[in-house]
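# Reading the structure
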Amino acid sequence: MTADTLLDGNGPGTSGYWSPGEQVLWRYRGNGTDELHICRPVTVVRDDAELLAVWMAPGTSCVKPVLTDGSPISREPLATRYLKPRTTRVEQWWGAGVLKIAHPGEPWSVWLFWDKRWHFKNWYVNLEEPRRRWSGGLDSEDHFLDIAVRPDRSWHWLDEDEFAQAQLAGLMPAERAERVRSAGLEAAGVIRSWGRPFRDGWEDWRPDPGWPVPSLPDDWNRPAK
């Protein structure tokens, strides 16, 4: 794609969309900053005016945030988790692959997880800023709060403690937190009505076996343009 930076899904006709099999970067900024701290190379499954679907293959080298001493953020007590300085580290995604689906303008994306035998495990709704497209991929900002959806259509909130702590740490101002909670309730409504993409049969999808695992470029954090 050679179009200028675009809001998710609003490309100028077909020239604004990637083709199946193209490799792009799915990135996240740190909360309240312009610094990129998560980068996942993915393969485009579908990209059009209705949705973007991408595949993150097992073994993909990804950028993730860690504390400056190299320890995982998840092991840091919640009270200090968002106060200690961080850096980034490259690690391979060792689990089964992840299919990510995003509809234009929605402040969340839906991820599908399988086990290594392709038994479907669950959907995961990641609340985030609507993705901003650029020539090499998409950029967003994670909003801490998430939703897990089981195959039987039951669901529950995830990371409510992190969402609350992010507010205490000043990473989630009250106005934004209210907007994120409203987005979560809207997503929950989609789940209850079994709207897209849950009703679309993506759990039966499989990647093209000829797709190579995308590589992580050295300039993964280059400015979006």
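Residues numbered from 1 in each chain as written. Predicted model: local features only at pLDDT ≥ 70, side-chain atom pairs only at ≥ 80, totals over all residues. Heavy atoms only, no water.

## Let's talk about the UniProt feature "domain: DUF402" (unreviewed entry) in the protein
Rule in force here: UniProt positions are given in the numbering used here, feature names are shortened, and annotations may be inferred rather than shown by experiment. A run of DSSP states H or I qualifies as a helix once it reaches four residues; a run of E qualifies as a strand once it reaches two. Both are numbered from the N-terminal end.
According to UniProt, the positions carrying the feature "domain: DUF402" (unreviewed entry) are residues 77-194. In residues 77-194, the share of helix is 24% and the share of strand is 41%. The end C-alpha atoms are 36 Å apart.

## Considering the side chain of Gln165
As a reminder of what qualifies: For this analysis, residues touch if any pair of their heavy atoms sits within 4.5 Å.
With respect to the helices and strands, the residue Gln165 is situated in helix H1 (residues 160-168). Sequence-distant contacts of Gln165, defined by excluding residues within four places in its chain, comprise Leu78, Ala79 and Tyr82.

## Comments concerning helix H2 (residues 174-192)
Filter applied, for reference: Here the expected span of a helix is defined as 1.5 Å times the quantity of residues minus one. Exposure is judged per residue with a 1.4 Å probe applied to protein chains only, and the accessible area is read against the type maximum: over 50% gives exposed, under 20% gives buried, and values in between give partly exposed. This arc is built from the directions going out from the helix axis to the C-beta atoms.
Helix length check: H2 (19 residues) gives 27 Å between terminal C-alpha atoms against 27 Å at 1.5 Å per residue, within 8%. Of all the residues in H2, the buried ones are Ala177, Val180, Ala183, Gly184, Ala187, Ala188, Val190 and Ile191. Buried residues of H2, seen end-on, are gathered within an arc of 155 degrees and therefore sit on one face of the element. The exposed residues of H2 that point more than 90 degrees off its buried face are Ala174, Glu175, Glu178 and Arg192. Those residues of H2 that are buried lie in contact with strand E8 (108-114), strand E9 (120-128), strand E11 (137-149), strand E12 (155-158) and H1.

## Let's talk about the packing of aromatic side chains
Keep this limit in mind: Two rings from Phe, Tyr or Trp (for Trp, the six-membered ring) form a pair when their centres are within 6.5 Å of each other. A pair whose planes differ by under 30 degrees is stacked, one over 60 is edge-to-face, and the rest are tilted. Ring-over charges, as used throughout, are those where CZ of Arg or NZ of Lys falls within 6 Å of the ring centre and within 35 degrees of the ring normal.
Under the counting rule described, the total for this entry stands at 15 aromatic pairs. Each ring, one from Trp55 and one from Trp114, has its centre 6.3 Å from the other, and the planes form 65 degrees; the classification is edge-to-face. With a gap of 59 residues between them, Trp55 in strand E4 (residues 52-56) and Trp114 in strand E8 connect regions that are remote in the sequence. This pair shows no difference in class: Trp55 is buried, exactly as Trp114 is. Ring geometry for Tyr82 against Phe144: centres 5.3 Å apart, planes inclined by 75 degrees, an arrangement best described as edge-to-face. Of this pair, Tyr82 sits in the loop between strand E5 (61-67) and strand E6 (86-92) while Phe144 sits in strand E11, placing them 62 residues apart in sequence. Clustering of aromatic rings is evident, with ring pairs tying together Trp55, Trp114, Trp118, Phe120, Trp123, Trp194, Phe198, Trp205 and Trp211. Here the guanidinium or amino end of Lys100 rests over the ring plane of Trp111, the centre of that ring lying 4.1 Å away. One residue, Arg133, lies across the ring of Trp18, its end atom 4.3 Å from the ring centre.

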